[in-house]
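Residue strings, one per chain:
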Amino acid sequence: DEVHNNRLVYLQKLGKISFRTSWNISHINKHGPQFLVNNPDNFKVAQIMNWTDSVEKFVCNLIPKPTHFIFNSGWWFDNDFNRLAAQEEIVRALRECNIISVYKTTTISKSRNRIEQSRERMCQMADICLNVSWTRFVPQEFYLDEVHFAPPIYSLLNIHLLSMLTSEEGGLQIATES
């Protein structure tokens, strides 16, 4: 969106595995658009970090700096999110960088299991909580496996997220047709 300078950057951290990026923070946005690395042979890790370091040393230094940081713990059981101190550190790091924290709760599995409540307390800590507990009503035929949905459900999750971000609470401005 050229009017409001909205941009989307996707970063992934899986469980206790360190956040990894092939992007050197000093090179992002200097050489035009960045592209996903599709061939693993071309992926060279420039930085390896834990959750807090990935926020403080990478996300906070992006130019332009993000206004929102959307994250969740997912179904990774061996995860930093099991520690209250780690949860507090992530939110603190985002606040120190003036980035709005948006925590997305973990979706309900096909067998209707929920993730531990200890991770859900992130909703109280984060600036915005995207509560997707409605996924408990998703019919079984819309699951691809125990924890992943068929495309129509991901579309609904995206609409839910975008609706929240563009609400008064979310604070994200979007271009509207005149």
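Look above for the structure.
Residues numbered from 1 in each chain as written. Predicted model: local features only at pLDDT ≥ 70, side-chain atom pairs only at ≥ 80, totals over all residues. Heavy atoms only, no water.

K.L.:
I'd like a description of the environment of I153, backed by residues and values.
P.N.:
Here I153 shows up in helix 5 (residues 151-165). Using a relative accessible area of 6% as the deciding quantity, one classes I153 as buried. When sequence neighbours within four positions are dropped, the list of residues in contact with I153 reads V138 and F142. (Helix = DSSP H or I, 4+ residues; strand = E, 2+ residues; numbered from the N terminus. Buried < 20%, exposed > 50% of the residue type's maximum accessible area, 1.4 Å probe, protein only. Contact = heavy atoms within 4.5 Å.)

K.L.:
Report on the pattern of salt bridges, specifying residues and quantitative values.
P.N.:
Overall, the coordinates contain four salt bridges when judged by the stated rule. For the salt bridge of E56 with R92, the shortest nitrogen-to-oxygen distance reads 3.1 Å. Linking E56 in helix 1 (residues 51-58) with R92 in helix 2 (residues 84-96), this pair joins segments that are 36 residues apart in sequence. The exposure class assigned to E56 is partly exposed, which follows from its relative accessible area of 30%. A relative accessible area of 33% means that R92 is categorised as partly exposed. For E96, the salt bridge identified is with R92, shortest N-O distance 3.0 Å. In this pair, E96 and R92 both sit in helix 2, four residues apart, roughly one turn of the helix. (Salt bridge = Lys/Arg side-chain N within 4 Å of Asp/Glu carboxyl O.)

K.L.:
Explain the packing of aromatic side chains residue by residue, including any values.
P.N.:
Under the counting rule described, the total for this entry stands at five aromatic pairs. Aromatic side chains F69 and F71 sit 5.4 Å apart centroid to centroid with 40 degrees between the ring planes, which places their arrangement in the tilted category. Overall, the relative accessible area of 5% leaves F71 in the buried class. Among the aromatic residues, ring-to-ring pairing joins W51, F69, F71 and Y103 into one connected group. (Phe/Tyr/Trp six-rings, centres within 6.5 Å; stacked < 30°, edge-to-face > 60°.)

K.L.:
Account for the state of the cysteines, naming residues and giving values.
P.N.:
Tallied over the entire structure, the rule returns two disulfides. What pairs with C60 in a disulfide is C97, and their sulfur atoms sit 1.8 Å apart. Negative torsions about the S-S bond denote left-handed disulfides, and the value of about 105 degrees found for C60 with C97 makes this one right-handed. You can see C60 sitting in the loop between helix 1 and strand 3 (68-71) and its partner C97 sitting in the loop between helix 2 and strand 4 (100-104), a full 37 residues away along the chain. Pair check on accessibility: C60 and C97 agree, each one buried. (Disulfide = S-S within 2.5 Å.)

K.L.:
So, the sheet that holds strand 5 (residues 128-130): which residues are in play, and what are the values?
P.N.:
The strands making up a sheet associate through hydrogen bonds between their backbones, and the pairing can be parallel or antiparallel. Taking strand neighbours across the sheet as the criterion, the three strands line up as 3-4-5 in an open arrangement whose pairing is parallel. Pairing within the sheet leaves two strands with one partner each, and these edge strands are strand 3 and strand 5. Averaged over all pairs of adjacent strands, the angle between strand axes in this sheet comes to 20 degrees, irrespective of strand direction. The pairing of strand 3 with strand 4 spans four bridges and is parallel. Each residue of the ladder has a partner; that of I70, found in strand 4, is V102. Contacts from helix 5 reach strand 3, strand 4 and strand 5, with the element oriented near 160 degrees to strand 5. (Pairing = 2+ DSSP bridges. Axes fitted to C-alpha atoms, helices over the stretch in contact; angles between N-to-C directions.)

K.L.:
Mind laying out the side chain of S109, listing which residues take part and the relevant values?
P.N.:
In this fold, S109 is placed in the loop between strand 4 and helix 3 (117-120). With residues near it in sequence (within four places) discarded, S109 still touches W75, Y143, E146 and V147.

K.L.:
Outline the nonpolar core, supporting the account with residue identities and numerical values.
P.N.:
In terms of nonpolar packing, the biggest core is built from 21 residues, with F69, F71, F81, L94, I99, Y103 and M122 touching the most fellow members. Broken down by element, this core gets its largest block of residues, four residues, from helix 2. Core analysis: the second largest hydrophobic core is formed by 12 residues, I128, V138, I153 and M164 among them. (Core = buried A, V, L, I, M, F, W, Y, C linked by side-chain atoms within 4.5 Å.)

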